[in-house]
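# Descriptive structure summary
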Amino acid sequence: MTARWIVLVLYLALMIGIGVYYRRKSASVNDFVLGGRGLGAWFTAFAYGTSYFSAVIFVGYAGKFGWNYGVASTWVGIGNAVIGSWLAWKVLGRRTRIMSKHLEAKTMPEYFEKRYNSKPLKIVSALIVFVFLIPYTASVYNGLSRLFEKGFGIPYKYCIIGMAVFTAVYVIMGGYKATALNDFIQGIVMLVGIAAVVLAVLGENGGLGNSFDLLGDISDANGDKGAYSSLFGPDPINLAGVVILTSLGTWGLPQMVQKFYAIKDDKAIKTGTIVSTFFAVVVAGGCYFLGGFGRLFVKSADGLPEGGFDGIVPTMMEKLPSLLFGLVIVLVLSASMSTLSSLVLTSSSTLTIDLIKPIMKEKMDEKKQLITMRIFIAVFLIISVVLAIITLENPQTVISTLMSISWGALAGAFLAPFLYGLYWKGVTRAGVWAGFIAGVGITVSNMFIGYIASPINAGAVAMVAGLVIVPLVSLVTPKLKKEDVDEIFTCYEEKVVSTKKRNL
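In this report, the structure presented in the accompanying data block is examined. (Residues numbered from 1 in each chain as written. Predicted model: local features only at pLDDT ≥ 70, side-chain atom pairs only at ≥ 80, totals over all residues. Heavy atoms only, no water.)

### Re the packing of aromatic side chains
Across all of its chains, the model carries 17 aromatic pairs by this definition. With a centroid separation of 4.6 Å and 50° between ring planes, the pair formed by tyrosine 111 and phenylalanine 418 is classed as tilted. Of the two residues, tyrosine 111 is situated in helix 6 (residues 108-116) and phenylalanine 418 in helix 16 (residues 399-423); the sequence distance between them amounts to 307 residues. Per residue, the accessibility class of tyrosine 111 equals that of phenylalanine 418, and both read buried. Between phenylalanine 289 and phenylalanine 293, the ring centres sit 5.2 Å apart and the planes meet at 80°, which makes this aromatic pair edge-to-face. Each member of the pair, phenylalanine 289 as well as phenylalanine 293, carries the same accessibility label: buried. (Phe/Tyr/Trp six-rings, centres within 6.5 Å; stacked < 30°, edge-to-face > 60°. Helix = DSSP H or I, 4+ residues; strand = E, 2+ residues; numbered from the N terminus. Buried < 20%, exposed > 50% of the residue type's maximum accessible area, 1.4 Å probe, protein only.)

Structure below.
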């Protein structure tokens, strides 16, 4: 226990120190929100990866989907690497950087306003961001607190509050630059930690081969053996829904897409694509592969794990050596703090720039905007903490459900309007509104009616629906002024000088 506390205290001290260091280096809104648009490939790639994977993945998703699909849940990690990382950087990276800079957009709602010349789009999208980032933040707290309670015996309420305070301190002080440097350090911890934990857990059951044999002896709901150790698991259809939600979803999440706003140049995007994909393969692939062996550690009661889905991974960790368990705590803490910092920074900047600033009668200068953002960081964290505590006290609440609601609404509403807006001049305001309504409408209505049994599949349906609805509505509704759209797309026509080697 002493070793765990030493590791934890040293880690938290380092995070706070970085926030203090960058306190004076974030004097402008552009610095605080986007790091001056000058971050290199490695910092941006790690910021993207650590914002992507948190305690939600390690504790919630790895536990639940590992239980449901066995080692086939590793396909989720592969999908996260290929679709959620590599393809996202390829399709969105360069165009997002160029167009957001041309439009002088600091947030996704500001992009919608300037791309489609509509202030109402900015206001509504900002409200969607604020409302639906809260359940995601609560799910991160839930995952983290469950592991802390196992490792330190601290009641989960105090874990959540302490986590919120530490996150607030270094984000409020240092902004995006402090977050990016912390993400880089946290990313290294996650890479080392996942590899060590996977090896240790497999070792508990005699290594990889023996673990597969033991898993293959467990019968599924139909009484068949071998399903949980098979290539596609017992339920490949629902597994595909998980892959879509957790992989394609990143394309429409503001806290993920805005990483491309801040990257330095095209060369950094090329390097960042490789680094980000490698990070996802190790971290996401390792988490889901690890979760696939959960049935070897947790007993089943009526087909469900004793202690609930969110207790599977913490139970697996209990048998680890004390020092390695300390590393796991720091690993999950790293993943969670990076995601939390990204969420609160996105939410506070969106509220300040897209909602508060436009309605203020007096002009808000840089200093007032920074103060307002820092206040909203605290407000956002308080609301999230309250929701996290309420949901933790409800045994029916599952981490994966909270995250599915958040991702389904956000990505369902934003993915199609954002993606098509980068490539196609023909997107109309009506098409964007239709996308917003479809994404939020499907997610929220399913919460109350439940016509799609799984909230995860509901989120995947919301994303696919937006990709279909936005172009169809845009084809039959009034177009934007041609000269305005042509001017926006001139950003891609700018000539640049480059060496042949750089373009290889």
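### Observations concerning a nonpolar patch on the surface
On the surface, Trp75, Ile78, Val82, Trp86, Leu231 and Phe232 cluster together into a nonpolar patch covering about 580 Å² of accessible area. In this structure, tryptophan 75 sits in helix 5 (residues 74-103). A residue is classified by how much of its surface remains accessible, and tryptophan 75, at 33% relative accessible area, is partly exposed. (Patch = residues over 30% accessible without salt bridge, like charges linked within 9 Å, V, L, I, M, F, W, Y side chains within 5 Å. Areas by Shrake-Rupley, 256 points an atom, 1.4 Å probe, with all protein chains shown as cover. Salt bridge = Lys/Arg side-chain N within 4 Å of Asp/Glu carboxyl O.)

### A closer look at the side chain of arginine 295
Counting through the fold element by element, arginine 295 comes out in the loop between helix 12 (266-291) and strand 1 (300-301). An unpaired buried charge is present at arginine 295: no salt bridge exists, and aspartate 220, the closest side chain of opposite charge, is 8.9 Å distant. Ignoring anything within four residues of it in the chain, the contact list for arginine 295 reads Trp67, Leu215, Ile218 and Tyr228. (Lys, Arg positive; Asp, Glu negative; His and termini not counted. Contact = heavy atoms within 4.5 Å.)

### Focus on the packing of helix 5 against helix 11 (residues 254-262)
Two numbers describe how helix 5 lies on helix 11: the axes approach to 7 Å, and their chain directions differ by 60°. As far as their axial angle goes, helix 11 and helix 5 are oblique. Every pair of crossing elements has a handedness; the one defined by helix 5 and helix 11 is right-handed. Every residue of helix 11 that contacts helix 5 at Ala88, Trp89, Leu92, Gly93, Thr96, Arg97 and Ser100 is listed here: Val257, Phe260 and Tyr261. For the contact of helix 5 with helix 11, the per-class residue count stands at six nonpolar, three polar and one charged. (Axes fitted to C-alpha atoms, helices over the stretch in contact; angles between N-to-C directions. Parallel < 35°, antiparallel > 145°, perpendicular 65-115°, else oblique. Left-handed = near helix turned anticlockwise from the far one by under 90°. Nonpolar A, V, L, I, M, F, W, Y, C, P; charged D, E, K, R; others polar.)

### Some details on the environment of alanine 388
Looking at the secondary structure, you find alanine 388 in helix 15 (residues 366-392). Considering only alpha carbons, one finds alanine 388 and alanine 138, 250 residues apart in sequence, at a separation of 4.4 Å.

### Overview of the side chain of serine 474
Examined against the element boundaries, serine 474 turns out to sit in helix 18 (residues 455-475). If sequence neighbours within four positions are ignored, serine 474 has contacts with Trp424, Gly426, Val427, Thr428, Gly431 and Lys479.

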